[in-house]
Structure formats: C-alpha cells, structure tokens
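Now for the letters of each chain:
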Amino acid sequence: MAALSISFIVGVIGNIISILVFLSPITTFRGIVKKKATENFKGIPYICTLLSTSLWAYYGLLKPDGMLIVTVNGAGAVLQVIYVTLFIIYAPRDSKIKHLKLVGILNVGFYGAVLLITLLATHGSLRLTVVGFICAGFTLGMYGAPLGAMKNVVVTKSVEYMPFMLTFFLFLNGGIWSVYSLLIKDFFIGVPNAIGFVLGSVQLIMYIIYNNKSKAKKLAMEKLKEEGSAHLVNGAVKMNKYNEEMMMKKERSLNKGWSLPTPTVLRQLSLQKIVKSLSANVDFLPLSTGDDDVENQNRNLVNNIKHLPR
C-alpha cells in the first residue's frame, strides 16, 4: 500500500513535469507566430512527440491502472497537434511539404497501422507487450530528436536554437519517469526515460558550455557594430568638413573675379572729351578737289568719328 501511494505521488509529479515539458515550446511558437517564420527551428521533434504521446495514451488504455499514463499523454498529444499545425502554417513551402509528408506517414499511417494490427492480430498481454516495445522505441526517438539541435549548437557555437526550458524539462521528465518505472516495475517506461535522462544531462552541459560562448560572441559583435558606427560617424564629419572648406574656397575665387576694377565715371568722361576733341580738331581733306577717292575717305572718316562712343 505504501509502495502504491509512493508510485502514485511520483506519477502525479511526473504528470506535472511532463505537462511542463509539453508547454515549454509555447515561447518558441510565440516567436514563430510573431515573426511568421520558423527560421532554423526543427519540426521533426514535435511530430515524433505527437506520435509518442499518441502511442503512450493507447498503452495506458491497455494497461491496468494506467490512468496516469493516459491523462498526461492525452494532454501532450493535443498540445503537439497545435504545435505541428502552427509549424506547418509558418514553414517555408519546401519544409511545409516535407513535414506534411512526415505527419501523413508517422502520425496517420504508422499510428493507424499499429492500432489495426494490435487490435486484430494480438490479444491480452501480448498486445500490451507489442505496444510497449513500440512506445519505448518512439520515446527514444523523442529524446533523440534534439540531437540535430545539439549538432547545430556545436557547429554554430550558439544555443539560440536549442530552447533551454525544453531541454531542462526533458531532463527532469526522464528522471522522474525512470523512478516511477522502478516503483511499478514497468521497464517499457523505465528504459527509454533513463536514456532520455542521460541525453538531457548531456544537453544541459552543452547549454552551459556554449551559452557562455554565445554571450561572448554576441558582446564581440555588438562591440564591432559600435566601432563601425563610430568610424562611420567620424568619416561623415570629416567629409562634411572637407565639403565646407571646398565651398568656401570656391566662394573666395568667385568673389575675386567679381571684384576686378571697373571703369570709373571720371575715366568715361575723359574718354568722351578725347573723342570730342578729336572730332573737333580733325583736318579734313578739301571736299572740292574733285577726287572721288579723297571724298570717300573724308566721308568715311566723318562717319567713324560720329560713331565713336561718347
């Protein structure tokens, strides 16, 4: 009786932690909906988790006293349906088609085949054993799905696309369900969750290591941006100063051209007097000489004097 009560308490705690695991991607999907893009996030973990929770809910229905397994995995399956739907909506076209195919193959085709085969071809404890093995295998898939994210962390040296909350609660989830499996002696639950606990520990260690590197890299990038901005501002100031100096030089050269000395009024009057005196003192050749050439010369001379500026 004491062991049963302890297992029930541990099972309830496991339910709470598992629900937190299923709720942890909410922050991720809030960002996806806000940006209307999935960016570098992977949809395969949610598709695998949907299949895993659906199978475990079926396993809980087959197992005596498996109500705690049914409740937590039923809630998880509903949440995973929401996540997968949102991911497919905001994924790029190629990724959308790829994930739709996976949903059709795994969550519809494979799950439907498991239901049909176990219900029609197996009975009693054999049915529970077959479904238990399948559930254990896909739970390992659920825990192993973040391995792609771990590889991305190592390559990019950044934990930006490995959500901490999901990693942390997967770690707790594996640990608590491993303890629960020992209490009820269900190794189908115990083996995959123990492996998940180990993988969760590795992910947490990676997060601690690369989170510091991500912060250092981010600070370095911000410093470079600040220095680049400062150089741009200094360059712009120098360019403006240079342009102002060139404009001032142009203005000075133009002013010099405009300030050339112009004829004064007295000089103009003096010129007019000289012209008048010339016209008054010019000795013309006699007009009655009868020489046509001389007459023409005198006439031209008079006309030229008349047209001199006064």
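*Asks:* Residues and numbers for helix α7 (residues 147-156), please.
*Replies:* Buried within α7 are the following residues: Ala-149, Met-150 and Val-153. What you see down the axis of α7 is that its buried residues fit within an arc of 105 degrees, all on one side. Across from the buried face of α7, at angles greater than 90 degrees, the exposed residues are Lys-151 and Val-155. Looking one or two places after α7, you find Lys-157, whose phi comes out positive at around 55 degrees.

*Asks:* Let's hear about the packing of aromatic side chains: which residues, and what values?
*Replies:* With the rule as written, the count across this model stands at eight aromatic pairs. Pairing Phe-29 with Tyr-83 gives two aromatic rings, centres 5.0 Å apart and planes at 10 degrees, and the pair type is stacked. In this pair, Phe-29 is assigned in helix α2 (residues 26-35) and Tyr-83 in helix α4 (residues 67-90), connecting sequence segments 54 residues apart. Assessed through its relative accessible area of 3%, Phe-29 is described here as buried. Taking 6.4 Å as the distance between ring centres and 75 degrees as the angle between the ring planes, the aromatic pair formed by Tyr-59 and Phe-188 counts as edge-to-face. Here Phe-188 lies in helix α9 (residues 187-258) and Tyr-59 lies in helix α3 (residues 44-62), a separation of 129 residues in the sequence.

*Asks:* I'd like to hear about the packing of α3 against α4, residue by residue, with values.
*Replies:* One can describe the packing of α3 onto α4 by two numbers: an axis separation of 8 Å at closest approach and a directional angle of 155 degrees. With respect to their mutual orientation, α3 and α4 come out roughly antiparallel. Viewed along their axes, α3 and α4 form a crossing whose handedness is left-handed. Touching Tyr-46, Ile-47, Thr-49, Leu-50, Thr-53, Ser-54, Trp-56, Ala-57, Tyr-59, Gly-60 and Leu-61 of α3 are Ile-69, Val-70, Asn-73, Gly-74, Gly-76, Ala-77, Gln-80, Val-81, Tyr-83 and Val-84, all from α4.

*Asks:* Would you mind going over empty space enclosed by the protein in detail, with residue names and values included?
*Replies:* A full pass over the atoms with the stated rule returns two cavities of 30 Å³ or more. Looking at the largest cavity, its volume works out to about 220 Å³. What lines the largest cavity is a set of 16 residues, among which Trp-56, Asn-73, Asn-173, Trp-177 and Asn-193 lie closest to the centre. Of all elements in the fold, only α1 (2-23), α3, α4, α6 (124-144), α8 (164-184) and α9 reach the threshold of two or more residues within the lining of the largest cavity. For the lining of the largest cavity, the class distribution of residues is nine nonpolar, seven polar and no charged.

*Asks:* Tell me about a nonpolar patch on the surface, residues and numbers included.
*Replies:* On the surface, a cluster of nonpolar side chains totalling about 650 Å² of accessible area is made up of Phe-8, Ile-9, Val-12, Ile-13, Ile-16, Leu-20, Leu-23 and Ile-26. Looking at the nonpolar patch, the element that brings in the most residues is α1, giving seven residues. Here Leu-23 shows up in helix α1.

*Asks:* For the packing of α2 against α4, give the residues involved together with the corresponding values.
*Replies:* For any two helices packed against each other, the geometry is given by the interaxial angle and the distance between the axes. Here α2 crosses α4 at 25 degrees, and the two axes come no closer than 10 Å. By the angle between their directions, the pair α2 and α4 is classed as roughly parallel. In this structure, α2 crosses over α4, and the sense of that crossing is left-handed. Counted together, Ile-26, Phe-29, Ile-32 and Val-33 of α2 and Tyr-83, Leu-86, Phe-87 and Tyr-90 of α4 form the full contact between these two elements. When the residues that make up the contact of α2 with α4 are grouped by side-chain class, the tally is eight nonpolar, no polar and no charged.

*Asks:* Which residues make up the confidence of the model for the protein chain, and what values do they have?
*Replies:* Averaged over all residues, the pLDDT of the protein chain is 77; the fraction at 70 or higher stands at 68%. Between the elements of the protein chain, mean pLDDT differs from a low of 49, seen in helix α10 (residues 265-281), to a high of 94, seen in α4. Counting interchain partners and residues more than four positions distant, the pLDDT-below-50 stretch residues 258-269 has one contact. Counting contacts from residues 281-290, a segment whose pLDDT is below 50, to residues more than four positions away or on other chains yields 13 contacts.

*Asks:* How would you explain the nonpolar core if you had to name every residue and give the values?
*Replies:* Within the largest apolar cluster, 40 residues are counted, with the highest numbers of intra-cluster contacts made by Trp-56 and Tyr-59. Among the elements of the structure, α1, α2, α3, α4, α5 (93-121), α6, α8 and α9 are those that each provide at least two residues to this core. Examining the composition of this core, we find that eight residues originate from one element, α4, more than from any other. Setting aside residues no more than four positions away along its own chain, Trp-56 makes contact with Ile-69, Asn-73, Cys-135, Ala-136, Thr-139, Phe-188 and Ile-189. Val-159, Met-162, Met-206 and Tyr-207 belong to the second-largest nonpolar core, a separate cluster that totals eight residues.

Thresholds, definitions, all that
Residues numbered from 1 in each chain as written. Predicted model: local features only at pLDDT ≥ 70, side-chain atom pairs only at ≥ 80, totals over all residues. Heavy atoms only, no water. Buried < 20%, exposed > 50% of the residue type's maximum accessible area, 1.4 Å probe, protein only. Helix = DSSP H or I, 4+ residues; strand = E, 2+ residues; numbered from the N terminus. Arc of directions from axis to C-beta. Phe/Tyr/Trp six-rings, centres within 6.5 Å; stacked < 30°, edge-to-face > 60°. Axes fitted to C-alpha atoms, helices over the stretch in contact; angles between N-to-C directions. Parallel < 35°, antiparallel > 145°, perpendicular 65-115°, else oblique. Left-handed = near helix turned anticlockwise from the far one by under 90°. Contact = heavy atoms within 4.5 Å. 1 Å grid on protein atoms, 1.4 Å probe; cavity = no way out; pocket = protein on both sides within 12 Å on 5 of 7 lines; lining within 4 Å. Points joined across faces, edges and corners; volume = space filled by probe spheres on them. Nonpolar A, V, L, I, M, F, W, Y, C, P; charged D, E, K, R; others polar. Patch = residues over 30% accessible without salt bridge, like charges linked within 9 Å, V, L, I, M, F, W, Y side chains within 5 Å. Areas by Shrake-Rupley, 256 points an atom, 1.4 Å probe, with all protein chains shown as cover. Salt bridge = Lys/Arg side-chain N within 4 Å of Asp/Glu carboxyl O. pLDDT = per-residue confidence, 0-100. Core = buried A, V, L, I, M, F, W, Y, C linked by side-chain atoms within 4.5 Å.

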